[in-house]
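Remarks on the overall topology
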Amino acid sequence: MTKVLDEVLQANKEYKDSFDKGDLPMPPGRQFAILTCMDARLDPAKYAGLSEGDAHVIRNAGGRASDDAIRSLVISYKLLGTREWFVIHHTDCGMETFNNEVMGELLSGSLKTASVDASGWHDCCEGGGTTDGKFIEWLTISDQAKSVLSDVERIRNNSMVPSDIPIYGYIYDVKTANLIEVPEATEAGRVS
Ligand SMILES: [Zn+2]
């Protein structure tokens, strides 16, 4: 067993021994959803005060409004009753460190983990890569406020999203844990 696998199973043992929330209903009790980045420094349960059963948290690289994130949000309201949504990106996001071309090139080089320094990303190895990455839209970020705004707009303008669900746009500061509003995004996401 790997160290991580062992640790995760041990942590689960401890969690389940004091677990008393087995009777929670499926729909989120506080009727809201958060779309945010998968970054390991972000803990939405802590930064937004969530307990089990409270809210949907949809995470991907960047917290972007990808087709799959929208799929989850639509299920979130249509079948499970959420009434307010947050799009929360964050400072120092890894999605600011590359673009489609860079990722395509790195994957063409090899499938090993690349490294980064002041001059950018570098692949470690030669061989065994693939050109498939050149055909993917990686949804990278060049400006956090703009990416929050564009994702709120994309969700707002989706025909499956009801106009009475407000969408709030925020940036989480990884240095201070502060949630900073992106007013133009919240404005774009307001109920009409
Ligand atoms: Zn991120």
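Please refer to the structure placed before this passage.
This write-up is about the structure you can find in this document. Note that the structure is predicted; figures quoted are calculated from it, not measured.

Calculation rules
Residues numbered from 1 in each chain as written. Predicted model: local features only at pLDDT ≥ 70, side-chain atom pairs only at ≥ 80, totals over all residues. Heavy atoms only, no water. Helix = DSSP H or I, 4+ residues; strand = E, 2+ residues; numbered from the N terminus. Buried < 20%, exposed > 50% of the residue type's maximum accessible area, 1.4 Å probe, protein only. Disulfide = S-S within 2.5 Å. Donors = N, O, S within 2.8 Å, 3.2 Å for Na, K, Ca; no water. Core = buried A, V, L, I, M, F, W, Y, C linked by side-chain atoms within 4.5 Å. Contact = heavy atoms within 4.5 Å. Phe/Tyr/Trp six-rings, centres within 6.5 Å; stacked < 30°, edge-to-face > 60°.

**Some points on the overall build of the protein**
Tallying secondary structure elements over the protein gives six helices and seven strands in all. Of the regular secondary structure in the protein, the N- to C-terminal order runs α-β-α-β-α-β-α-β-β-α-β-β-α. Taking the principal axes of its C-alpha atoms as reference, the protein extends roughly 50 × 45 × 30 Å. Per-residue burial for the protein yields a buried fraction of 34% across its 192 residues.

**Points about the state of the cysteines**
Taken as a whole, this structure holds one disulfide when the rule is applied. The partner cysteine of C124 in its disulfide is C125, sulfur to sulfur 2.2 Å. In this structure the cystine formed by C124 and C125 twists about its S-S bond by roughly -85°; its chirality is therefore left-handed. Since its relative accessible area comes to 48%, C124 is described here as partly exposed. Residue classification places C125 among the partly exposed residues on the basis of a relative accessible area of 27%.

**As for unusual backbone geometry**
Most peptide bonds take the trans configuration, and most residues that are not glycine carry a negative phi. A positive phi angle, close to 55°, is found at L139, a residue other than glycine. Within the element layout of this structure, L139 appears in the loop between strand 5 (120–122) and helix 5 (144–156). In this model, A177 sits at a positive phi of 70°, which is unusual for a non-glycine residue. Residue placement: A177 occurs in the loop between strand 6 (167–172) and strand 7 (179–181). Given a relative accessible area of 43%, A177 falls into the partly exposed group.

**Regarding the coordination of the zinc ion**
Within the protein, the atoms that donate to the zinc ion are C37 (SG), H90 (NE2) and C93 (SG), at distances of 2.0 to 2.3 Å. In the primary sequence, the donor residues of the zinc ion line up as C-x52-H-x2-C. With C37 in strand 1 (residues 32–37) and H90 in strand 3 (residues 84–90), the pair connects residues that are 53 residues apart, well separated along the chain. The class for H90 is buried, based on a relative accessible area of 0%.

**Points about the nonpolar core**
The nonpolar side chains of a soluble globular protein tend to be buried with one another. Core analysis: the biggest nonpolar cluster contains 20 residues, and L35, W85, V87, V148 and I155 have the highest contact counts within it. If you list the elements that add at least two residues to this core, you get strand 1, helix 3 (67–78), strand 3, helix 5 and strand 6. With five residues, the single largest contributor to this core is helix 3. Those residues in contact with I155, other than ones at most four positions away along the chain, are L35, A65, I70, L73, W85, V87, V161 and I167. Formed by 12 residues, the second largest nonpolar core is a distinct cluster that contains F32, C37, L50 and C93.

**Observations regarding the packing of aromatic side chains**
In this description, a pair of aromatic rings is defined by centroid distance and the angle of the planes. A full pass over the atoms with the stated rule returns six aromatic pairs. With a centroid separation of 5.4 Å and 50° between ring planes, the pair formed by Y15 and F19 is classed as tilted. Look at F32 and F86: their rings are 5.7 Å apart centre to centre, the planes differ by 65°, and that puts the pair in the edge-to-face class. Remark: F86 occurs in strand 3 and F32 occurs in strand 1; sequence separation between them is 54 residues. Residue class for F32 comes out buried when judged on its relative accessible area of 9%. Judged by its relative accessible area of 23%, F86 falls in the partly exposed class. Grouping aromatic residues by their ring pairs yields a cluster made of F32, F86, Y168 and Y170.

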